[in-house]
Amino acid sequence: MTSHQTAQTMKPATAAKKLGVYLEATPAEFQEGVVSRTELNTLQADPPEWLQELRRNGPHPRPVVAAKLGISIAGLARGGVTEALTTEQIDALKQENPEWLQKERATQADVRKEAVRIKEKNAQRAEESKDKRS
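Rules used throughout
Residues numbered from 1 in each chain as written. Predicted model: local features only at pLDDT ≥ 70, side-chain atom pairs only at ≥ 80, totals over all residues. Heavy atoms only, no water. Helix = DSSP H or I, 4+ residues; strand = E, 2+ residues; numbered from the N terminus. Buried < 20%, exposed > 50% of the residue type's maximum accessible area, 1.4 Å probe, protein only. Salt bridge = Lys/Arg side-chain N within 4 Å of Asp/Glu carboxyl O. Core = buried A, V, L, I, M, F, W, Y, C linked by side-chain atoms within 4.5 Å. Contact = heavy atoms within 4.5 Å.

Draft legend 1. Focus on unusual backbone geometry. Cis geometry is found at the peptide bond from Gly-58 to Pro-59, where omega equals 10 degrees. Topologically, Pro-59 is positioned in the loop between helix H4 (49–57) and helix H5 (62–69). Phi angles above zero are rare outside glycine, and Asn-97 is one such case at about 45 degrees. Locating Asn-97 in the fold gives a position in the loop between helix H7 (87–96) and helix H8 (99–133). Asn-97 sits in the partly exposed class, given a relative accessible area of 27%.

Draft legend 2. Examining the pattern of salt bridges more closely. Tallied over the full model, the rule gives 4 salt bridges. The salt bridge involving Glu-49 is made with Arg-56; its shortest N-O contact spans 3.4 Å. When its relative accessible area of 43% is taken as the criterion, Arg-56 is described as partly exposed. Note that Glu-104 and Arg-78 form a salt bridge whose closest N and O atoms lie 2.8 Å from each other. Remark: Arg-78 occurs in helix H6 (residues 73–78) and Glu-104 occurs in helix H8; sequence separation between them is 26 residues. Judged by its relative accessible area of 7%, Glu-104 falls in the buried class. Overlapping salt bridges, with partners in common, bring together Glu-49, Glu-53 and Arg-56 in one network.

Draft legend 3. Summary view of the environment of Glu-24. Take Glu-24: it is sitting in the loop between helix H1 (12–19) and helix H2 (28–32). Put simply, Glu-24 and Ala-66 are 42 residues apart on the chain and 18 Å apart in space, counted from C-alpha to C-alpha.

Draft legend 4. Expanded view of the nonpolar core. Counting 11 residues, the largest nonpolar core is built from Met-10, Ala-15, Ala-16, Leu-19, Val-21, Phe-30, Val-35, Leu-40, Leu-43, Leu-51 and Leu-54. Contributing elements (two or more residues each) for this core: H1, helix H3 (37–45) and H4. At 3 residues, H1 tops the list of elements feeding residues into this core. Residues within four places of Leu-19 in sequence aside, it is in contact with Phe-30, Leu-40, Leu-43, Gln-44, Leu-51 and Arg-55. Core analysis: the next-biggest nonpolar cluster, separate from the first, contains 10 residues, Leu-69, Ile-71, Ile-90 and Leu-101 among them.

This is how it looks when you write it as structure tokens:
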């Protein structure tokens, strides 16, 4: 019996998500086909010009926009940003620094501080638990 392996493929939306690009801005042949794991690895290792351009100038998907602004995806929605944004639009938002963006950045900073506090507390508990067993 011979082992017959089929190439693992994914939908264009999944590939776009893994590449960090907005699917609707990709070329038609990318949107209409399927992407194999090998093709995805090639795109990541040696991105073609269209992929470099999308990563550089956008439009960017919401997770990328949120990361560039230093806020959560939910924070984007609360701020009324529901569309993909270009790098230029993101930079303009940063310059404008509206009140909602300031608030969301503060919220995100609080969330990060709390995550660090919880991690330290759990580490301390684990250490105390280990000491009791010794």
